Amino acid sequence: GIVWLASDELVVETLDQDGNHDLVVIDARTGSEKSRVPLKIQGKDMRLDGIIGQFDDEHVLLYGSIYDEEGFSINLVLAALSTGELEILVDRAGDAQLIGDKIFFSRTDSIFRAGFDPETRTLLDAGEPVYQGINTDYATHGEFQVTDDGTLIVTNRIDIYHAHTPQPVSYTHLTLPTNREV
């Protein structure tokens, strides 16, 4: 995937000739490569499954699949743009959005809101569900976005094998102050 950063740069996850993952930052105006860092997959048997979006000024969010003694899981992984260091942000989760000191993430059939420490990049609590009923199938999982006015938009992707019409989009309003601190 490709992510457009707030700094007018594009980030692309690529594979080099040896099958190693790199993050490549490209100037969106000129198309010139600005930097390339190898992603440092360490420890667990993790497979990177695509870039999701910009998380903060220094990190992008990726999907990371892990196969271990507990089975298979999809995790949200932060990748540092400057070093390529990877860290699991939320295990067994589908998507995430950071707003102020709160992080919204999907897990099982719910969207959760949890406290978040931006310095250590860790969740401060397990989170509370703010929406239930999101499709979490691996291939066709639903997505969500919290808008500036606090509207939670949820779309369940269609089941491409069994459905011929898209699922309806759900809207839920979350009360957010004007500075988007939840």
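The numbering scheme is per chain: residues are counted from 1 as the chain's sequence reads. With the structure being a predicted model, the display of local features is reserved for residues of pLDDT at least 70 and the display and counting of side-chain atom pairs for 80 or more, all residues being used for whole-chain, interface and lining totals. To obtain the side-chain values, all non-hydrogen atoms of the structure were included, while hydrogens and water were left out.

**Student:** Explain the packing of aromatic side chains to me, please; I cannot follow it from the model alone.
**Tutor:** Each aromatic ring pair is specified by the distance between its two centres and by the angle formed by the two planes. Pairing of aromatic side chains here covers Phe, Tyr and the six-membered ring of Trp, requires ring centres within 6.5 Å, and sorts the geometry by plane angle: under 30 degrees stacked, over 60 edge-to-face, intermediate tilted. With the rule as written, the count across this model stands at three aromatic pairs. Measuring from ring centre to ring centre gives 5.5 Å for phenylalanine 105 and phenylalanine 112, while their planes differ by 15°; the resulting arrangement is stacked. A single burial state applies to phenylalanine 105 and to phenylalanine 112, both of which are buried. Accessibility here uses a 1.4 Å probe with only protein chains present; expressed as a share of the type maximum, an area under 20% marks a residue as buried, one over 50% as exposed, and anything in between as partly exposed.

**Student:** Looking at this structure, how should I read the pattern of salt bridges?
**Tutor:** Charged atoms that come close allow side chains of opposite charge to pair. When a carboxyl oxygen of Asp or Glu lies within 4 Å of a side-chain nitrogen of Lys or Arg, that pair is called a salt bridge. Going through the model one piece at a time under the given rule, you end up with nine salt bridges. A salt bridge links arginine 29 to aspartate 8; the nearest nitrogen and oxygen atoms lie 3.0 Å apart. With arginine 29 in the loop between β3 (21-27) and β4 (33-38) and aspartate 8 in the loop between β1 (2-4) and β2 (9-15), this pair connects stretches of sequence that are 21 residues apart. Residue classification places arginine 29 among the exposed residues on the basis of a relative accessible area of 69%. Taking the relative accessible area as the measure of exposure, aspartate 8 reaches 27% and is therefore partly exposed. Note that arginine 36 is salt-bridged to glutamate 33, the shortest N-O span being 3.0 Å. Looking at glutamate 33, the relative accessible area reads 45%, which means it is partly exposed. A single salt-bridge network, built from bridges that share partners, covers Asp22, Glu33 and Arg36. Think of it this way: any DSSP run of H or I at least four residues long counts as a helix, any run of E at least two long counts as a strand, and we number them from the N terminus.

**Student:** What exactly am I supposed to notice about the sheet that holds β1 here?
**Tutor:** Within a sheet, each strand pairs with its neighbour through backbone hydrogen bonds, oriented either parallel or antiparallel. Across the sheet, which stays open at both edges, the four strands sit in the order β1-β2-β3-β4 with antiparallel pairing between neighbours. The open sheet has two free edges, formed respectively by β1 and β4, since each of these has just one partner strand. The average angle at which neighbouring strand axes cross in this sheet is 20°, direction not considered. Pairing between two strands is assigned when DSSP locates at least 2 bridges connecting them. Across seven bridges, β2 lies against β3 in antiparallel orientation. Among the inter-strand pairings, leucine 10 is bridged to a residue of β3, identified as isoleucine 26. Lines fitted to C-alpha atoms define the axes, with helix axes restricted to the stretch in contact, and inter-axis angles between N-to-C directions lie between 0 and 180 degrees.

**Student:** How do you make sense of the sheet that holds strand β5 (residues 46-56) when you look at a structure like this?
**Tutor:** Across the sheet, which stays open at both edges, the four strands sit in the order β5-β6-β7-β8 with antiparallel pairing between neighbours. Either end of the sheet is taken by a strand with one partner, and the two such strands are β5 and β8 (86-90). Sheet twist, expressed as the mean angle between neighbouring strand axes with direction ignored, is 40°.

**Student:** Would you mind showing me how to read the confidence of the model for the protein here?
**Tutor:** Atomic detail in the predicted coordinates should be set aside for any region of low pLDDT. Here the protein averages 81 in pLDDT, while 79% of its residues score no lower than 70. Least confident of the elements in the protein is strand β16 (residues 169-173), whose mean pLDDT is 57; most confident is β4, at 95. Note: pLDDT gives the predictor's confidence per residue, expressed from 0 to 100. When checking whether two residues touch, look at their non-hydrogen atoms; a contact exists if any pair is within 4.5 Å. Per-residue pLDDT stays below 50 along residues 158-167; that stretch engages in eight contacts with residues further than four places along the chain or on separate chains. Note on residues 176-182: pLDDT under 50 across the span, and 15 contacts to partners over four residues away in sequence or across chains.

**Student:** Sorry, what's going on with the environment of phenylalanine 55 here?
**Tutor:** Position of phenylalanine 55 among the secondary structure elements: in strand β5. Taking the relative accessible area as the measure of exposure, phenylalanine 55 reaches 9% and is therefore buried. Here the alpha-carbon distance between phenylalanine 55 and leucine 98, two residues 43 residues apart in the chain, equals 6.9 Å. Phenylalanine 55 has contacts with Val60, Leu61, Leu78, Leu89, Leu98, Ile103 and Phe116, leaving out every residue within four places of it along the chain.

**Student:** Help me understand the environment of aspartate 45 in this model?
**Tutor:** Following the sequence through the fold, aspartate 45 ends up in the loop between β4 and β5. Spatially, the C-alpha atoms of aspartate 45 and tyrosine 67 are 6.0 Å apart, while their sequence positions differ by 22 residues. With sequence-adjacent residues up to four places away left out, aspartate 45 is seen in contact with Ser65, Ile66 and Tyr67.

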